[in-house]
Amino acid sequence: MEKDLSNYRKNYQKKELSKKEVLENPIELFQKWFYEVDEFGGDIEANAMTVSTVADDGSPTNRIVLLKKYTWEGFIFYTNYNSAKGKEIEKNPNVCLSFFWHNIERQVIIKGIAEKIAENLSDGYFESRPDGSKLGAWASDQSQVVPSRKYLDDRLSFFENKFKNKEITRPKHWGGYIVKPTCIEFWQGRPNRMHDRIQYTLQENFDWKIERLAP
Ligand SMILES: Cc1cc2nc3c(=O)[nH]c(=O)nc-3n(C[C@H](O)[C@H](O)[C@H](O)COP(=O)(O)O)c2cc1C
């Protein structure tokens, strides 16, 4: 089978990233871009990001997770610590996050180090989730092979009963990671493939070196 996609071609022209828009701190620029993506609208899940981890044998895996918070320190998402990604992060905390905001023709790529967040912060976020999601965290041994859909539905029913009229506490194997950035690239699509790329690299003195990259 063969399908030629060479006529899928888009000319990016909605925005630019000029020198005057390049802020000193990349988290500030991330915040500005995130607001603009939301404001611009369209059918987009602005906080959906790709997380890449690397296995022992050097092979990478990407998957989407939801960014739930960002601070001056970094970018927080929640998952099962025993999942495939959790096990890979345990051995190699170097990860890469990326966002593609197609509505406004932007990409952000964040390289950094993932660390588990404090338990009380994971508790706080877990409490804010709907009951169904809380029970799902108990019912799913994320990334494990399961025999059937029925097995999963039965597990959910089991935990629904177990926690009936009780507080649904956070499973210890479920919580947040913060990715502390060491390098952040902002990519703005421009006409004729002459895109704007600005890269921030963290220095030893914690200043950010700012460079423009060729598209
Ligand atoms: C839009 C979207 C949002 C998702 N959000 C999360 C999330 O916040 N946390 C999570 O663990 N998995 C999330 N997932 C599922 C992951 O992509 C992935 O299937 C799961 O985490 C297991 O990954 P792993 O086996 O590589 O560890 C999301 C998937 C999609 C498509």
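Computed from a predicted model, the values in this text were never measured in an experiment. (Residues numbered from 1 in each chain as written. Predicted model: local features only at pLDDT ≥ 70, side-chain atom pairs only at ≥ 80, totals over all residues. Heavy atoms only, no water.)

Undergrad: Which parts of the structure should I look at to understand the packing of aromatic side chains?
TA: Both the distance between ring centres and the angle between the ring planes are used here to describe each pair of aromatic rings. Per the stated rule, a full pass over the model turns up 21 aromatic pairs. Ring geometry for Phe158 versus Phe159: centroids 5.0 Å apart, planes at 90 degrees, classification edge-to-face. One aromatic cluster is present, built from ring pairs that chain together Phe30, Phe34, Tyr70, Phe75, Phe99 and Trp101. Over the ring of Tyr81 we find Lys116; its NZ or CZ atom is 4.5 Å from the centre of that ring. It is Lys162 that lies over the ring of Trp138; its NZ or CZ is 5.8 Å from the centre. (Phe/Tyr/Trp six-rings, centres within 6.5 Å; stacked < 30°, edge-to-face > 60°. Lys NZ or Arg CZ within 6 Å of the ring centre and 35° of its normal.)

Undergrad: Would you explain the site of the ligand in this entry?
TA: Every residue near the ligand is listed here: Glu45, Arg63, Ile64, Val65, Leu66, Tyr78, Thr79, Ser83, Ala84, Lys85, Gln142 and Ser143. Taking Ser83, its side chain carries an N or O atom lying 3.4 Å from an oxygen atom of the ligand. Contact distances for the ligand include 3.1 Å between an oxygen atom and a side-chain N or O atom of Gln142. When residues of the shell around the ligand are traced back to their parent elements, those giving at least two are β2 (60–70), β3 (75–80) and α2 (84–91). Of the residues forming the shell around the ligand, the biggest block, 4 residues, is contributed by β2. (Near = heavy atom within 4 Å. Polar contact = N/O pair within 3.5 Å; in protein donor to acceptor, adjacent residues only side chain to side chain. Helix = DSSP H or I, 4+ residues; strand = E, 2+ residues; numbered from the N terminus.)

Undergrad: Is there a simple way to think about the pairing of strand β7 (residues 196–202) in this case?
TA: The two faces of a sheet get side chains in turn, since along a regular strand they alternate between them. Relative to β7, strand β6 (residues 174–188) runs antiparallel, the two being bridged by 6 bridges. Within β7, the position partnered with Phe186 by the bridge is Ile198. Where β7 and strand β8 (residues 208–212) come together, 5 bridges link them in antiparallel fashion. Its bridge partner being in β8, Tyr200 is matched across the sheet by Ile210. Here β7 hands over to β8 after 5 residues, with Phe206 in that stretch at a positive phi of 70 degrees. (Pairing = 2+ DSSP bridges.)

Undergrad: What exactly am I supposed to notice about unusual backbone geometry here?
TA: With glycine set apart, most residues show a phi of negative sign, and most peptide bonds adopt trans. If you check the backbone angles, Ser143 has positive phi at about 85 degrees while not being a glycine. The residue Ser143 is located in the loop between α4 (131–139) and α5 (149–162) in this model. Even without being a glycine, Arg193 presents a positive backbone phi close to 60 degrees. Inspection of the secondary structure assignment puts Arg193 in the loop between β6 and β7.

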